[in-house]
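What follows is the residue order along each chain.
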Amino acid sequence: MIATTGDTVDGRTARPAGRATAGTAGLASPPGLCRPLTVADTVEILADGAADLLAGGTDLVPALRTGRRRPRRIVALRRVLELRTRGASADGLIIGAGVTYHDLAGWSLSPGLAATARVVGSPQIRNLGTVGGALGTADPRGDLLTFLSAADAEVVLRGVHGARTLAVPSYLAEGRDPTELITAVRLPRPCGPQVYLKIGARQAASATVVSCALVVDRVRERVACAIGGVAGGPLRPVAAEDFVRAGVDWSTGTAPADVVAGFGELVAEAVRAVDDPLPDDPRASAAYRRHAAGVLAARAAGRCLSAPSPARSVDGRWARP
Ligand SMILES: Cc1cc2nc3c(=O)[nH]c(=O)nc-3n(C[C@H](O)[C@H](O)[C@H](O)COP(=O)(O)OP(=O)(O)OC[C@H]3O[C@@H](n4cnc5c(N)ncnc54)[C@H](O)[C@@H]3O)c2cc1C
């Protein structure tokens, strides 16, 4: 049974039309609110493509308030507990779309995801914002999107005709189908160091100007990088990845300083060559972003691939000598 405004779902009554919720207060004509309990019910409600999904609401609520979004129905996902699980299998990690940044920030199974989640927004935003919301918004500066691109993550989608899985770049190229629900993301288990570095007005609580995710896989002998904030989506600088991969001594997982510096230069070159650069904005010109991307990439590679000094650990925190 599907919940629509004023109907009952699984024995619970949905909020009547016109009565404001925390998220829709102030709207001239609030849309209907559905509060399904399961993924199957949610997908059924989405079938006509006329509903917007409400997860943490950190992007959607401002859009509703300013009238940038005017859906006929809002589907609140808070009660769909299936979306809020995360776990690991032999193949990799699976993270439900309803998992929040706060949940990820302390997750020891994925240090890169945890580092990314820790620099998103303020504690309030991290408590509300979800993985599904980050993918639903698909902001080219979105921190999670950039990390997921470097980690070769896949997006799991479900519609009335079944489930399908898309690599993050394919998902971004297609754009979100309003009849589908993002149920989870899948990514390989970490097999080496991972870092996420971001330049913003402040480390957290402000939008990203440029960011860099670096994922080293010591088993498959690969280095993957994604740059956020320079193009219409996260940029994978493939030539730079190949260069640094060839320069790593995989018996120790380290690379010499000239390889690390060369990697930064190739990343800056890749940013210069993007077809869809983000325009200059008051916070940063395109030239600054290009320069900053190279600096961040070299810094990330230095942290992941330099021989650890006795006094400093790989993530940059001071260790006991
Ligand atoms: C003050 C502030 C600071 C912020 N700082 C940062 C920052 O530092 N870094 C950063 O990356 N972002 C930042 N954000 C953006 C925001 O927090 C993220 O984009 C967040 O992940 C959105 O998640 P949500 O659960 O709140 O999504 P919602 O606002 O609920 O939804 C966002 C969009 O995704 C869709 N959606 C939600 N769930 C699903 C699903 N399961 N399947 C399909 N579509 C879905 C919705 O319909 C909507 O279109 C900030 C936002 C604010 C307001």
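Our subject in this report is the structure included herewith. Worth saying up front: this structure is predicted, and the values here are computed from it rather than measured. (Residues numbered from 1 in each chain as written. Predicted model: local features only at pLDDT ≥ 70, side-chain atom pairs only at ≥ 80, totals over all residues. Heavy atoms only, no water.)

**Structural notes on the packing of helix α10 (residues 257-272) against helix α11 (residues 286-305)**
For step 1, the next point in the chain: Their axes nearest at 7 Å, the elements α10 and α11 cross at an angle of 145 degrees. Where α10 crosses over α11, the handedness of that crossing is right-handed. Within the contact between the two elements, α10 uses Val260, Phe263, Gly264, Val267, Ala268, Val271 and Arg272 and α11 uses Arg290, Ala293, Gly294, Ala297, Ala298, Ala301 and Gly302.
For step 2, the next point in the chain: The residue inventory of the contact of α10 with α11, partitioned by class, reads nine nonpolar, three polar and two charged. (Axes fitted to C-alpha atoms, helices over the stretch in contact; angles between N-to-C directions. Helix = DSSP H or I, 4+ residues; strand = E, 2+ residues; numbered from the N terminus. Left-handed = near helix turned anticlockwise from the far one by under 90°. Contact = heavy atoms within 4.5 Å. Nonpolar A, V, L, I, M, F, W, Y, C, P; charged D, E, K, R; others polar.)

**Details of unusual backbone geometry**
Negative phi values dominate among residues other than glycine, just as trans dominates among peptide bonds.
For step 1, the next point in the chain: The phi dihedral of Ala138 is positive, around 50 degrees, even though this residue is not glycine.
For step 2, the next point in the chain: Mapped onto the elements, Ala138 comes out in the loop between α6 (131-137) and α7 (143-150).
For step 3, the next point in the chain: With phi around 55 degrees, Glu221 is a residue other than glycine that occupies positive phi space.
For step 4, the next point in the chain: Mapping Glu221 onto the fold places it in the loop between β12 (208-217) and β13 (222-228).

**Considerations on the site of the ligand**
For step 1, the next point in the chain: Lining the immediate environment of the ligand, one finds 31 residues, of which Thr58, Asp59, Arg69, Tyr101 and Asp143 sit closest.
For step 2, the next point in the chain: When the ligand is considered free in solution it has 990 Å² of accessible area, and contact with the protein chains removes 86% of it.
For step 3, the next point in the chain: The element that contributes the greatest number of residues to the shell around the ligand is α6, accounting for five residues.
For step 4, the next point in the chain: Of the residues assigned to the shell around the ligand, the class counts are 14 nonpolar, twelve polar and five charged. (Near = heavy atom within 4 Å. Areas by Shrake-Rupley, 256 points an atom, 1.4 Å probe, with all protein chains shown as cover.)

**Things to note about the nonpolar core**
For step 1, the next point in the chain: By size, the foremost hydrophobic cluster in this structure holds 46 residues, and its most contacted members are Ile95, Leu104, Leu113, Leu135, Leu148 and Leu187.
For step 2, the next point in the chain: At five residues, α7 tops the list of elements feeding residues into this core.
For step 3, the next point in the chain: When sequence neighbours within four positions are dropped, the list of residues in contact with Ile95 reads Thr85, Arg86, Leu104, Trp107, Leu113, Val131, Thr183, Ala184, Val185 and Leu187.
For step 4, the next point in the chain: Formed by 34 residues, the second largest nonpolar core is a distinct cluster that contains Cys225, Val244, Val267 and Cys304. (Core = buried A, V, L, I, M, F, W, Y, C linked by side-chain atoms within 4.5 Å. Buried < 20%, exposed > 50% of the residue type's maximum accessible area, 1.4 Å probe, protein only.)

**So, helix α4 (residues 111-118)**
For step 1, the next point in the chain: Within α4, six of the eight residues are buried, leaving the element largely enclosed by the surrounding structure.
For step 2, the next point in the chain: Among the residues of α4, those classed as buried are Gly112, Leu113, Ala114, Ala115, Thr116 and Ala117.
For step 3, the next point in the chain: Against β7 (92-96), α3 (101-105), α5 (123-128), α7, β10 (181-188) and β11 (194-200) lie the buried residues of α4.

**A look at the sheet that holds strand β3 (residues 32-34)**
For step 1, the next point in the chain: The strand order across the open sheet formed by three strands is β3-β5-β4, and the pairing between neighbours is parallel. Edge strands, defined here as strands with exactly one partner in the open sheet, are β3 and β4 (51-54). Pairwise comparison of adjacent strand axes, ignoring direction, gives a mean angle of 25 degrees for this sheet.
For step 2, the next point in the chain: Two strands pair when backbone bridges link them, and β3 and strand β5 (residues 73-76) are joined in this way by three bridges, in the parallel orientation. The residue bridging Cys34 from the neighbouring strand is Val75, located in β5.
For step 3, the next point in the chain: Sheet contacts for helix α1 (residues 39-46): β3, β4 and β5; angle to β5, the most-contacted strand, approximately 165 degrees. (Pairing = 2+ DSSP bridges.)

**Focus on the pattern of salt bridges**
For step 1, the next point in the chain: Enumeration over the complete set of coordinates arrives at 13 salt bridges.
For step 2, the next point in the chain: Close ionic contact of Arg141 with Asp281 constitutes a salt bridge, the shortest N to O distance being 3.3 Å. One end of the pair, Arg141, is in the loop between α6 and α7; the other, Asp281, is in the loop between α10 and α11, and 140 residues separate them in sequence.
For step 3, the next point in the chain: Residue classification places Asp281 among the partly exposed positions, given a relative accessible area of 21%.
For step 4, the next point in the chain: Residue Glu241 pairs with Arg236 through a salt bridge whose shortest N-O separation is 2.7 Å.
For step 5, the next point in the chain: The network of salt bridges with common partners includes Arg141, Asp281, Arg283 and Arg289. (Salt bridge = Lys/Arg side-chain N within 4 Å of Asp/Glu carboxyl O.)

**Structural notes on the environment of Ala300**
For step 1, the next point in the chain: Among the structural elements, Ala300 can be located in helix α11.
For step 2, the next point in the chain: Between the C-alpha atom of Ala300 and that of Cys225, which follows or precedes it by 75 residues, the distance is 9.3 Å.
For step 3, the next point in the chain: Excluding anything up to four places from it in sequence, Ala300 contacts Val195, Leu197, Cys212 and Leu214.

**Description of the pairing of β10**
For step 1, the next point in the chain: Of all the eight residues making up β10, six are buried; the element is thus mostly covered by neighbouring parts of the structure.
For step 2, the next point in the chain: Taken together, the five bridges between β7 and β10 define a ladder with antiparallel strand orientation. Considered in β10, the bridge of Gly96 is made with Ala184.
For step 3, the next point in the chain: Across five bridges, strand β8 (residues 154-159) lies against β10 in antiparallel orientation. In the strand pairing of β10, Arg158 is matched with Leu181.

**A word on the pairing of β5**
For step 1, the next point in the chain: Of the two faces of β5, the one carrying Arg73 and Val75 and the one carrying Ile74 and Ala76 are both buried.
For step 2, the next point in the chain: With helix α2 (residues 60-65) bridging β4 and the parallel β5, this β-α-β connection has right-handed handedness. (Right-handed = clockwise from strand over helix to strand, strands pointing away.)

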